[in-house]
Amino acid sequence: MKFLSSIFSSETLRLKDVGVSPLTGGFLVCLLLLAIAEVGMRAVLPESHKPRGSWHNLELRDQAEQLREMKDVDVMFAGSSIAAVNIPPVAFDSAASELGYELDSFNAGIRGCNYSCIAAGFKHMFLPLQEPKKVILIVAPVDLNEANESVIRRSEDFIRTFNNESYVAALIDVFRHLYVFGFRAEIKDFIVSQKWNFEPSLIGEKGHIDMGYEPRNRYQYKFRFEEKGRIVKDLSRMIDDLQSRGIKVAILPGLVDGSIREMMSKEETDEFAIILSKLAKKHEIELYRADDLVPDDEKFIDQFHLNTGAAHKYAASLAEKIYKQ
Amino acid sequence: MWFNSWEFFLFLPAVLAVYYVLTRRAQNIWLIAASYFFYGWWDWRFLSLIILSTTVDYLVSHYIARSQVEAQKKLGLYLSLSLNLGLLATFKYFNFFVDNFIALGATIGLDFDTPVLRLLPPVGISFYTFQTLSYTIDVYRGRQRPADSYIDFALFVTYFPQLVAGPIERASKLLPQIESKRHVSVWMIQTGVFLILIGLFKKVVIADTAGVRVDKIFADPAAMSSLDLWRGMILFSLQIYGDFSGYSNIARGVSRLFGIELSENFLTPYFSKSITEFWRRWHVSLSAWLRDYLYIPLGGNRKGTVNTYRNLMLTMLIGGFWHGASWAFIVWGGFHGAYLAIHKFWLESNWHLKSGQSGVIRRTVFNWLKILLVFHLVSFTWIFFRASDFASALDYISGLFSFRGDFNFRSIAVPAILLMVLFPIEWMQYRKDDLMNFLSLPSLIRGVMYAGMFVSIILLSGNEVPFIYFQF
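Calculation rules
Residues numbered from 1 in each chain as written. Chains lettered and ligands numbered in written order. Predicted model: local features only at pLDDT ≥ 70, side-chain atom pairs only at ≥ 80, totals over all residues. Helix = DSSP H or I, 4+ residues; strand = E, 2+ residues; numbered from the N terminus. Buried ≥ 20, exposed ≤ 12 C-beta atoms within 10 Å, placed from the backbone. Contact = placed C-beta atoms within 7 Å. Nonpolar A, V, L, I, M, F, W, Y, C, P; charged D, E, K, R; others polar. Expected span 1.5 Å × (residues − 1). Bend = angle between axes of the 7 residues up to and from the residue. Axes fitted to C-alpha atoms, helices over the stretch in contact; angles between N-to-C directions. Parallel < 35°, antiparallel > 145°, perpendicular 65-115°, else oblique. Left-handed = near helix turned anticlockwise from the far one by under 90°.

### Looking at the overall build of chain A
Turning to step 1, where the next piece is worked out: Helices and strands together make up the secondary structure of chain A, namely 14 helices and six strands.
Turning to step 2, where the next piece is worked out: Residues counted as buried form 36% of the 325 residues belonging to chain A.
Turning to step 3, where the next piece is worked out: A fraction of 84% describes how many contacts in chain A between residues 6 or more apart in sequence connect residues 24 or more apart.

Written out as structure tokens, the structure reads:
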């Protein structure tokens, strides 16, 4: 310690004070406790779990990694989990292939996002890796909902992460390796619920998120759509950006089950449909009508997501609908 | 650049590393560069205002000190006052004056509603303006010699730990430290790091946790039950205290790492037993500034009872307006002025002597009742501080006393927990009158406390929530 003190001391910095050690007992106890917490966390948590961080960042990393490895992408699906779960690209490509179209598609759906954050994520994460020939925007009512504060807040948090400078991102990446920091979201959950809630990366093939068959919770929602609101504006800007890059764009209304359709009043349903029509007209893009493909409610594991089998069938019938036209 | 940002986490060690190997003069130049960088992170264009203010006040202070004629001294003073208050009026209050002018015109049937220039207020302009003003006034009064070096004076104005949210330092305290060699001892590092830790804890764990709930409650007070509104009021009291005193702790801690001592800005204000005591403990550097440069020059309590009340009221109204260009802040100041006037009236009457309590238990109970009363009176005024405008503040207050909605007592769990967390820290400081007394606790207790604070900060940190007082 004396040696270190003498190295780092200067005229201003006086670490060689007589009788005062730079390392106090309190500091050492603190270090010891933090070390115990870190080791304890490593002992308690199974090795396969990885921290989910501020977002489903591992899932997004896996998804981005898959995209990086692809050569040319013909069709990319953008949207929230409604896109990510309900359209497995493998099923879509295989159905298109049967119709004579050899495609390589990728699902770039981002869980838990509204279109403000989908636009940001797509622009900052996926487009730099691959510019597809066509992007199909899957837009469900929840993706444009201005009344869902928690999604809006979460989306804003997510968007903020793209504003981080690279050195900040690198710093966070270093700290993430500490379990106490990396797993802070899981620890907070544990303190509240007494349960370890891990969210493993569910990325399947080509960016698809496979949620399986297990039923999930259902909730009540309020809806508010604003044609001139931030979310629709962000979606519109996203389309502008894609078109300026020479990428073809189309919109496909996202799937929801009967309970969501019932929760929406007639005015809200019409408002949502009008927004999509106006967007399609404004940007001169195709608006797919696929109401006849909506599966029965029992195929949904919650209000928005199909089970694995139904998702494959839906993606195949979607490809048939698009490429038979 | 916020103190609770990743950028600052990198900025501070980099600045310190270079600082420690430089000579005093080079250190000051380095600190000015670092301070300009720190401030320019928000908007580099506003640096021009700081540099203008610094240069003019430096030149004016020398002009005042050299002048033998009172009229010349006054001219120098007025020049500094006009520049600093002019900048403040333009950049902070211009929009307010224009809006009120338009509204006033509308009431008498004149339509002034034409497009007007909208100015963005520079961060911390109220703080550094008051700091430089106090310097010029002190030089004029002959209580402060002008700074010898422009570099030293520039650092006095821009020193980054206290540039954007205080404490508003007097030249008599800060300049001598800037002008002399600094020594950073192990003790200063230990106490500095401790202050930073406790400041971050207050900000991240107390203020930001309360802030999430406060935002929700104040966003739509009409939809909240009365209990929720009371909860929101108490939570905001905790939020603003955790936020601002946390900031002050960090500022002092960071400054200690540079070997410079900043003033204590908060002396456990929520333990005040009277509103007068509250203002001796809350934002001490601002209340002292208002006392020395406004209340006393207005006549203080030397010009009769009526004038004393008028001076109190004026000082607090201006103090309120200093916080922000809105009627809600003026009303907030008005409430505090009225509280102070009533307390003064109470003290000058003999009633308080008659109500004096004898016996330890009765006195203790009575003191705690006084603390609770002052806390709630202060919390009530924070509604004007937090509400988006004056009308929403009134809606909030009417909701408080309408006793509507259900009384779900589980909802008070968060304020209760935050109070329980904050209480021991405040109590320790209150009892010993010094936050540093924590450092005399046994190592084991300190170690557990540090680790607990550190882990809580990690668990609850997420977003960089800006400090409330940065907007002033």
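Having seen the model, we can carry on.
### Let's talk about the interface of chain B and chain A
Turning to step 1, where the next piece is worked out: Facing the 26 residues of chain B at the interface are 28 residues of chain A.
Turning to step 2, where the next piece is worked out: For the side of chain B that touches chain A, the elements supplying multiple residues, two or more each, are helix H1 (6–21), strand E1 (184–185), helix H9 (186–219) and helix H19 (443–460) of chain B.
Turning to step 3, where the next piece is worked out: Sorting elements by how many residues they give to the side of chain B that touches chain A places H19 of chain B first, with eleven residues.
Turning to step 4, where the next piece is worked out: Of the residues belonging to the side of chain B that touches chain A, the class tally is 15 nonpolar, eight polar and three charged.

### Remarks on the environment of Thr364 of chain B
All names here are of chain B.
Turning to step 1, where the next piece is worked out: You can see Thr364 is positioned in helix H16 (residues 360–386).
Turning to step 2, where the next piece is worked out: Taking the number of C-beta atoms within 10 Å as the measure of exposure, Thr364 has 11 and is therefore exposed.
Turning to step 3, where the next piece is worked out: Along the backbone, Thr364 and Met436 are 72 residues apart, and their C-alpha atoms lie at a distance of 26 Å.

### Thoughts on the environment of Ala328 of chain B
Turning to step 1, where the next piece is worked out: Within the fold, Ala328 of chain B resides in helix H14 (residues 327–348).
Turning to step 2, where the next piece is worked out: Excluding its chain neighbours within four sequence positions, the residues that come into contact with Ala328 of chain B are Phe384, Ala387, Asp389, Phe390 and Ala393 of chain B.

### Notes on helix H18 (residues 413–432) of chain B
Residues separated by three or four positions in an α-helix point in the same direction, a consequence of the helix having 3.6 residues per turn.
Residue and element names in this part refer to chain B.
Turning to step 1, where the next piece is worked out: With 20 residues, H18 should cover 28 Å at 1.5 Å per step; its first-to-last C-alpha distance of 29 Å lies within 8% of that length.
Turning to step 2, where the next piece is worked out: By the largest-angle criterion, Phe423 marks the main kink of H18, which is about 30°, and a proline, Pro424, follows within four residues.
Turning to step 3, where the next piece is worked out: All of the buried residues in H18 are Leu418, Leu422 and Gln429.
Turning to step 4, where the next piece is worked out: Buried residues along H18 sit against H9 and helix H10 (226–257).
Turning to step 5, where the next piece is worked out: Phi turns positive, to about 65°, at Asp433, one or two residues after H18.

### Things to note about the packing of H10 of chain B against helix H17 (residues 390–400) of chain B
All names here are of chain B.
Turning to step 1, where the next piece is worked out: At a minimum axis distance of 8 Å, the contact between H10 and H17 shows a crossing angle of 120°. Between H10 and H17, the angle falls in the class oblique. Pair H10 / H17 crosses with left-handed handedness. The residues of H17 that touch H10, namely those facing Ser226, Leu229, Trp230 and Met233, are Tyr396, Gly399 and Leu400.
Turning to step 2, where the next piece is worked out: Of the residues contributing to the contact of H10 with H17, the split by class is five nonpolar, two polar and no charged.

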